[in-house]
Amino acid sequence: MFFYISFLRPPATQSSPSGSISITPQVANDLRTEPFDSAQEIYYSWSPVNPARAEPYPSITTPQKLTVWRQSSAYKEIPVPLPPGLRDGQSYRLVLTAHGQGRPHIINLAAHDLGERPFPVLSMPVLFSSRERAARAGEKQEQIERVYRVPLQAGENGFLTVREQTSFDLDKKIWDSGIGLSSWLVQLAQEPVQASEHAEVSRARDALFSSEARKIIELGAGTGIVSLTLGALRSVSSKDEAGCILTTDLESAMPLLEHNVSANASLFKTTSTRPRPLVLDWDVEELPEEVRAVDSCFDAIVMADVTYNTASFPSLVRTLASLVRLSPPSKPPVIILGYKERDADERTLWDMFKGAGVLFEQVGERKGAGGQTVEIWIGRIEASN
Ligand SMILES: C[S@@+](CC[C@H](N)C(=O)[O-])C[C@H]1O[C@@H](n2cnc3c(N)ncnc32)[C@H](O)[C@@H]1O
């Protein structure tokens with residue numbers, strides 16, 4: 001499992017340049033139900049908004065130790081020194097990280113030790129202004145961002161900025177399986193083909209990363225991290241305009257999903273590699289027209305952490321079966337699932353998938369800080385279907 005630094009009490013949206021900022025950091029799991037169980041050093045730095053030199057990722061001031069986070073003092077308010085050389089009218093983001101070396105505010109999806117330490121966080125901009133606008137005074141922030149490094153090719157990296165809501169909405173924050181599956185996809189795109197490679201892994205590589213046109217759909221995309229990673233990775237090799245990456249979820253997820261696609265637009269080199277947000281509700285029997293209108297069939301169906309609610313399994317399985325039926329039996333889609341067990345009952349989904357003619361096999365995992373791992377599963381269609 002992974003741990004996340006976030007703000008139990010975030011900074012205000014506006015503050016006086018001669019005033020002070022105080023926050024309460026939090027270190028917990030994705031659900032925010034399990035606090036980190038040991039002491040964790042927290043460093044702070046500031047990231048200027050509109051820096052003089054444009055970088056592909058946010059620049060930060062030298063990280064300084066802020067506090068040692070412990071469960072016993074989890075509610076303590078911590079004052080944060082203001083940015084060095086701060087001038088009236090400037091805006092900065094507050095950055096909290098688990099260490100102070102290198103680029104501690106960037107999550108490297110290719111790191112072999114991904115998630116062994118809690119993930120860093122960036123606040124939204126704090127405007128330091130002496131002309132305080134009454135309406136914004138003391139207003140608390142409701143969003144955060146995290147930045148992910150996606151190695152693209154020799155020496156070149158893409159940096160994805162993914163915005164999350166601090167409210168407890170399933171579709172507006174990042175989940176372990178989304179990060180774990182994205183990390184596995186980065187490895188799949190980078191690693192040379194192994195002679196001993198699992199046949200289904202080879203099929204997944206071709207379905208996702210061939211330079212030829214590929215049609216990919218994600219179910220329950222949330223903030224979109226998996227589709228965004230795929231779009232950046234496919235942009236390296238794909239020049240085609242015939243493919244697509246449909247990133248789907250409920251209507252409520254669309255504003256944040258659309259924002260995250262637009263905010264990372266420079267990483268997507270063609271319209272076919274730019275993820276296309278679309279409402280696809282598993283509870284609606286008929287697939288949306290835009291999905292049915294996709295010329296020919298899908299090469300890959302991807303999903304991360306769509307298994308938390310056993311009551312939704314019948315509609316999820318039905319949606320998957322409808323998508324599979326769009327393909328001729330000779331060209332079935334590869335189905336890829338990122339999963340972390342929360343309740344053993346969730347494993348009944350595998351039997352339901354089997355009943356629908358889809359057999360799942362585990363092909364990878366991401367361990368993070370211990371506890372439940374993120375498992376990567378690939379589903380193949382039984383020959384008779
Ligand atoms: C736990 S979140 C995972 C989000 C993202 N895949 C990730 O791993 O960060 C589950 C997602 O499934 C979506 N979802 C739940 N029920 C759904 C339904 N009936 N139709 C479509 N999406 C649904 C939620 O809106 C949410 O975004």
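The shown structure was predicted, so the numbers you read here are calculated from the model rather than taken from an experiment. (Residues numbered from 1 in each chain as written. Predicted model: local features only at pLDDT ≥ 70, side-chain atom pairs only at ≥ 80, totals over all residues. Heavy atoms only, no water.)

**As for the packing of aromatic side chains**
For clarity, the cut-off: Put simply, two rings from Phe, Tyr or Trp (the six-membered ring, in Trp's case) pair if the centres are within 6.5 Å, and we call them stacked under 30 degrees between planes, edge-to-face over 60, tilted for the rest. Runs of H or I in DSSP of at least four residues are treated as helices and runs of E of at least two as strands, each being numbered from the N terminus. Classification of residues uses two cut-offs on accessible area relative to the type maximum, computed with a 1.4 Å probe and protein chains only: under 20% is buried, over 50% is exposed, and between them is partly exposed.
Counted under the stated rule, the structure contains 11 aromatic pairs. When the centroid spacing of 4.9 Å and the interplanar angle of 75 degrees are considered together, the rings of Phe3 and Phe36 count as edge-to-face. Remark: Phe36 occurs in the loop between β3 (21-28) and β4 (40-48) and Phe3 occurs in the segment before β1 (4-9); sequence separation between them is 33 residues. Each of the two residues, Phe3 as well as Phe36, counts as buried. Ring plane angle 35 degrees and centroid distance 4.7 Å describe the contact between Phe353 and Phe360, whose orientation is recorded as tilted.

**Some words on unusual backbone geometry**
With a phi close to 65 degrees, Arg32 is a non-glycine residue in the positive phi region. Take Arg32: it is sitting in the loop between β3 and β4. With a relative accessible area of 22%, Arg32 lands in the partly exposed category. Phi at Asp305 takes a positive value of approximately 55 degrees, unusual for a residue other than glycine. Here Asp305 is to be found in the loop between β16 (300-304) and α6 (313-325). Residue Asp305 is classed as buried on the basis of its relative accessible area of 8%.

**So, the side chain of Ser15**
Locating Ser15 in the fold gives a position in strand β2 (residues 14-15). Note on Ser15: relative accessible area 8%, which makes it buried.

**Structural notes on the site of the ligand**
Our working rule: To be near a molecule or strand, a residue needs just one of its heavy atoms within 4 Å of it. Surface accessibility in these figures is a Shrake-Rupley result with a 1.4 Å probe; residues are shielded only by whichever protein chains are displayed. Charged residues are taken to be Asp, Glu, Lys and Arg, nonpolar residues to be Ala, Val, Leu, Ile, Met, Phe, Trp, Tyr, Cys and Pro, and polar residues to be all remaining types, Gly included.
Taken together, 18 residues sit near the ligand, with Gly220, Asp249, Trp282, Ala304 and Tyr308 positioned nearest. Protein burial of the ligand: of its 590 Å² of free accessible surface, 95% is covered by the chains. In terms of residue class, the shell around the ligand is built from nine nonpolar, three polar and six charged.

**Notes on the nonpolar core**
Cut-off, in case you're wondering: To define a nonpolar core, start from buried Ala, Val, Leu, Ile, Met, Phe, Trp, Tyr and Cys residues and group those joined through side-chain atoms within 4.5 Å. As annotated, the domain borders come from an automatic or database domain assignment. Whether two residues touch is decided by their heavy atoms; if any such pair falls within 4.5 Å, the residues are in contact.
Ranked by internal contacts, the top residues of the largest apolar core, which has 42 residues, are Tyr148, Ile179, Trp184, Leu185, Leu208, Leu230 and Ile336. Elements that contribute at least two residues to this core include exactly β11 (143-153), β12 (156-165), α1 (176-190), α2 (199-209), α3 (225-237), β16, β17 (334-339) and β19 (374-381). For this core, the domains that each give at least three residues are domain 1 (4-141) and domain 2 (170-381). When neighbours within four sequence positions are excluded, Leu185 is seen to be in contact with Leu208, Phe209, Val226, Leu230 and Leu233.

**Concerning the sheet that holds β16**
To keep it simple, the criterion reads: Paired strands, in this sense, are two strands between which DSSP finds at least two bridges. Helix axes are fitted only over the stretch in contact, all axes being lines through C-alpha atoms; the angle between N-to-C directions runs from 0 to 180 degrees.
Taken in spatial order, the seven strands line up as β15-β14-β13-β16-β17-β19-β18 in an open sheet, and their pairing is mixed. The open sheet has two edge strands, β15 (276-279) and β18 (358-366), and neither has a second partner. Pairs of neighbouring strands in the sheet enclose a mean axial angle of 20 degrees, with direction left out of account. Packed on one face of the sheet, α3 meets β13 (215-219), β14 (244-249) and β16 and runs near 170 degrees to β14.

**What to know about the domain arrangement of the protein**
For clarity, the threshold we go by: What counts as buried area is the accessible surface, traced by a 1.4 Å probe, that two parts surrender upon association, with contributions from both included. Every case where a carboxyl oxygen of Asp or Glu lies within 4 Å of a side-chain nitrogen of Lys or Arg is listed as a salt bridge. Definition of a polar contact: a pair of N or O atoms within 3.5 Å, with one able to donate and the other able to accept a hydrogen when the atoms are protein atoms, and with sequence-neighbouring residues admitted only if both atoms are side-chain atoms.
Each domain of the protein was delimited in the assignment, giving domain 1 (4-141) and domain 2 (170-381). Centre-to-centre separation of domain 1 and domain 2, based on C-alpha positions: 31 Å. Across the domain 1/domain 2 interface, buried area totals approximately 1100 Å², and carbon plus sulfur atoms make up 62% of it. The largest contributions to the domain 1 side of the interface with domain 2 come from Tyr4, Asp30 and Leu109, which together make up 51% of the buried area. Here domain 1 is connected to domain 2 by two salt bridges. Two residues, Asp30 and Lys340, come together in a salt bridge whose shortest N-O distance is 3.5 Å. On the surface where domain 1 and domain 2 come into contact, there are six residue pairs in polar contact (both at pLDDT 80 or more). Looking at the side of domain 1 that touches domain 2, its residues break down into six nonpolar, one polar and three charged.

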